[in-house]
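Below are the chains, spelled out letter by letter.
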Amino acid sequence: MEFSWGSGQESQRLMLSFLLLAIWKAGSGQLHYSIPEEAKHGTFVGRIAQDLGLELVELVPRLFRVASKSRGDLLEVNLQNGILFVNSRIDREELCGQSAECSIHLEVIVDRPLQVFHVEVEVKDINDNPPVFQATQKNLFIAESKPLDTRLPLEGASDADIGVNALLTYTLSPNEYFTLEKPTADPRVKGLGLLLRKSLDREETPEIFLVLTVTDGGKPELTGTAQLLITVLDANDNAPVFDRTLYTVKLPENVPNGTLVINVNASDLDEGLNGDIIYSFSTDISPNVKSKFHIDPITGQIIVKGYIDFEECKSYEILVEGFDKGQLPLSGHCRVIVEVEDTNDNVPDLEFKSLSLPIREDAPLGTVIALISVSDYDAGANGQVTCSLTPHVPFKLVSTFKNYYSLVLDSALDRETISDYKLVVTARDGGSPSLWTTASVSVEVADVNDNAPVFAQPEYTVFVKENNPPGCHIFTVSAQDADAQENALVSYSLVERRVGERALSSYVSVHAESGKVYALQPLDHEELELLQFQVSARDAGVPLMGSNVTLQVFVLDENDNMPTLLAPGMGDTGGAMSELVQWSVGAGHVVTKVRAVDADSGYNAWLSYELLQVAGNPRNPFRVGLYTGEISTTRALDEADAPRQRLLVLVKDHGEPALTATATVLVSLVESSQAPKASSRALAGAAGPKAALVDVNVYLIIAICAVSSLLVLTLLLYTAFRCSAAPTEGSCRPGKPMLVCSSAVGSWSYSQQRRKMVCSGEGPPKTDLMAFSPSLPDSRDREDQLQTTGDSLAKPRQPNPDWRYSASLRAGMHSSVHLEEAGILRAGPGGPDQQWPTVSSATPEPEAGEVSPPVGAGVNSNSWTFKYGPGNPKQSGPGELPDKFIIPGSPAIISIRQEPTNSQIDKSDFITFGKKEETKKKKKKKKGNKTQEKKEKGNSTTDNSDQ
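Every value quoted in this text rests on a predicted model; they were computed, and no experiment measured them. As a convention, each chain's residues are numbered from 1 in the sequence order in which they are written. A pLDDT threshold of at least 70 governs which residues receive local features in this predicted model, and a stricter bar of 80 or more applies before side-chain atom pairs are shown or counted, although totals over entire chains, interfaces and linings include all residues. Side-chain numbers here rest on the full set of heavy atoms in the structure, without hydrogens or water.

Which parts of the structure should I look at to understand the UniProt feature "transmembrane region" (unreviewed entry) in the protein chain?
UniProt positions are given in the numbering used here, feature names are shortened, and annotations may be inferred rather than shown by experiment. As annotated in UniProt, the feature "transmembrane region" (unreviewed entry) corresponds to residues 698–721 in the numbering used here. Note on conventions: DSSP H or I runs of at least 4 residues are helices, E runs of at least 2 residues are strands, and numbering of each starts at the N terminus. Segment residues 698–721 splits into 100% helix and 0% strand. End C-alpha atoms: 35 Å apart.

Could you clarify how one ought to interpret the pattern of salt bridges in this entry?
Here the idea is simple: oppositely charged side chains can pair when their charged atoms come close. The term salt bridge refers to a side-chain nitrogen of Lys or Arg lying within 4 Å of a carboxyl oxygen of Asp or Glu. For the coordinates displayed, the defined rule picks out 22 salt bridges. Close ionic contact of Glu58 with Arg62 constitutes a salt bridge, the shortest N to O distance being 3.7 Å. Burial classes follow relative accessibility: with a 1.4 Å probe on protein chains only, a residue under 20% of its type's maximum area counts as buried, one over 50% as exposed, and anything between as partly exposed. We classify Glu58 as partly exposed; its relative accessible area is 22%. You can call Arg62 buried: its relative accessible area is 11%.

Would you take a moment to explain the state of the cysteines for this structure?
Here a disulfide denotes one covalent bond, and it connects the sulfur atoms of two cysteines. Two cysteine sulfurs form what is called a disulfide whenever their separation falls within 2.5 Å. Considering all chains together, one arrives at 1 disulfide under this definition. Paired through a disulfide, Cys96 and Cys102 show a sulfur-sulfur distance of 2.0 Å. An S-S torsion of about 70° defines the bridge between Cys96 and Cys102 as right-handed. On the accessibility criterion, Cys102 (3% relative accessible area) is buried.

Please clarify how the pairing of strand β28 (residues 385–389) should be interpreted in this entry.
Taken residue by residue, a regular strand's side chains alternate between the two faces of the sheet. Where burial is concerned, the two faces of β28 differ: the one with Val385, Cys387 and Leu389 is buried and the one with Thr386 and Ser388 is not. Looking at chain direction, β28 and strand β31 (residues 420–429) are connected through 5 bridges and run antiparallel. Across the sheet, the residue bridging to Val385 is Asp429, located in β31. What makes two strands pair is DSSP finding at least two bridges between them.

Any chance you could explain the sheet that holds strand β34 (residues 459–465) here in plain terms?
Strand pairing in a sheet relies on backbone hydrogen bonds. The paired strands run either parallel or antiparallel. With respect to topology, 4 strands assemble into an open sheet ordered β34-β43-β42-β37, the strand pairing being mixed. Two strands lie at the open edges of the sheet, namely β34 and β37 (491–494), each paired on one side alone. On average, each strand axis in the sheet is tilted by 30° relative to the strand beside it, whichever way the strands run. Bridge count between β34 and strand β43 (residues 546–556): 7 bridges; the pairing is parallel. Within β43, the position partnered with Val462 by the bridge is Val553. Helix axes are fitted to C-alpha atoms over the stretch in contact, other axes to C-alpha atoms as well, and angles between N-to-C directions run from 0 to 180 degrees.

I would appreciate a short explanation of the side chain of Asp309 in the present structure.
Here Asp309 shows up in the loop between β22 (301–304) and β23 (315–324). The charged side chain of Asp309 is buried without a salt bridge, its nearest counter-charge being Lys292 at 7.7 Å. Under the rule applied, a polar contact is a pair of N or O atoms within 3.5 Å (in protein, one hydrogen donor and one hydrogen acceptor; residues adjacent in sequence only if both atoms are side-chain atoms). Within the local environment of Asp309, its side chain forms a polar contact with the backbone nitrogen of Glu311, the two atoms lying 3.2 Å apart. Contacts between residues were defined by any pair of non-hydrogen atoms, one from each residue, lying within 4.5 Å. What Asp309 contacts, discounting residues up to four positions off in sequence, is Glu253 and Asp345. The charged-residue count follows a simple rule in which Lys and Arg add positive charge and Asp and Glu add negative charge, with His and chain termini not counted at all.

Following this line, the structure appears as structure tokens:
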């Protein structure tokens, strides 16, 4: 007698499930393989690399790897040929239990770029498990009085396989009393029963031995057997009967112990002890059920005594028996199906599968940074997980597959703004109340070289004294780079160029790491007043980035040049010059002039003359002008004076310490009749040198006139340009000085336009005349200008604006500047933009007022005008130069002395500076002095070197 375990309806459901599964897999975009269980090691599964479109040569470089949520050693990939093969024994029953579907889900991950592939390997069931009964021997009891069709329940066999392999067919050994009962159509009920077909007679057959055989539907078929020992009982004819043969109850998971599940109830028609019922679990019940539930033997209440977890078991089948207390106990049976309901008791699980850190700050949008896997053991809405990210970060989460998210770049990064992000990923399920979990990840931003080194200011001004020792440190430049590591490693170098005839690197050098600038050789103010160059700062990143800074090195003058005598017959070593003087000359007669120049500037070039006392000549009738060097008589000569006078003139500058030179003048006192002869011999001996000197002086005068005309034209063009460029100003004013330099002599400034052209080293040195003079307290514009400049820069030390001398030093006070050395008022490349402070006022005559030191005249107007000074209205004739000319806008008068060609006194070129401002009182006082001066000039010889 055979019965097939399963029905046609169940087969249809199974086929429909397989069809839906195949359709879902075809649309999911993942690879699908299938293998039978119990496959041997090395069994071929599929060419996974080829199916994923990956080249074999890129498997190792791209870090091809396979991950699995379940046991990761079941399947393996050969990286040499890209074949997926069985690595260890696969038991479908151990892996998936009684589940109809059994698959191994693999995650294939490759880097560079990061890609994730999902592979499903279906494990097909084979008939490797025979049907098994809970007990191979079972004792049954039946009263002899039982009517026909009485049912004895039996526990069916179980097969660990699924599908056809689990379709069981039962066969009972041949007998005349019992037949097998057809199993119920409910799939949850696995039991079967024996039906009594013939009345029992205990005296005839007290025991019946039967063999129950079960066969599955696999190929080949596997079988199992159980031996049944049926004992025929006497008396107690009624067995307990339950209200229902099948009870169904729903129980929430996580209920506390002692919770009532259900109360089963049975009744017995017998009386007395034969009608009292005792409840118990069947002996065939599984140990798992016994550990979870307990039944009260008297009341039939089933209560919870263990932990009920939906994720562990979704339903329980409990077989309950009811025995009466008769001498021959009779029993009734029922089944209780406990369905466990899910509650949201599992927190979502969040795991970072792969991280690609750090991320470059120039990474494109959409770059995948991490792969995140989420899962929840709950079911339904309780197991639906959504992920969220910390707000206000340049990243976002993108759902790539079921329960998988990718952390991608959403907006541009800047490491200099934020170098590290602390991200918090939150996974939240759909339960009520919902549960969540968080995971933190630190995303470090890798630096790229996108910032150039930056200096604190675009240019620096450095002051260095000349004659510095070679290799001395003069300045330090420093640039900051906002990048990191090697991208912020700054190195310094010179921007090489030519400075005159020499390379810049022969003057200065810069240390590549510290940025210290060194002077490689002593600097000479007389050769180079301003050295302008650039220092380049470069980082070590790729690509290389850099910037430049400009350094303006002003070489400050030191008193390192002693005065040089220029008189004929006096070399650098100092010779003696001879002069003839008549006995009849009166006081104030100019004998000769000692001329000297100093290559230094300012006070260091301001020369004074002093007559040294010679032993044996206590009554010296001569004196020397303090600042002019003119040797004149102090009184009328008499017979007591020696006929030959030896004068020692000490020429001294005003530097610290002062440097000196000594000139020797031999004066011979002669009678009037001897003077022409001597003069003729002297003229005859000096005719050649005099003529050459006259030619040189003519060229110098022509050069002065040409340069003056050029300066006038340049100033006019500059004024027109400034007025047209700023019509709203209402007046044309010079540009605001950007730099004011001050010393004990005076101050000077240069404008913004002129700044980069002053002695940059590209032209010959000394192309401009730098005039030093004290500030004029009576000029409000200049005071405002100096005050504004002093506020913006470090305030320089202002010199004493009041240069006055005692009355004894006012007479004959002239200061000269040699034309060749000073380059009288030459305009440099800056021309009209150059602004010089004006010189202090002085009287037009040396003897009449206060005199300024021998410095360049101020240029603060648009043109130069030659005109005679006050008290000298004489007009110059054709081919002659004026005695004096005034620079408009300046209180200085430049006097040009001229000497007749037949003069015995040999004097060089000089220019006198004096005040052009006089008060009315001084004019009246000087009328008498001017008459006497004209007489003295008629008697004395004048210098013709300016011709």
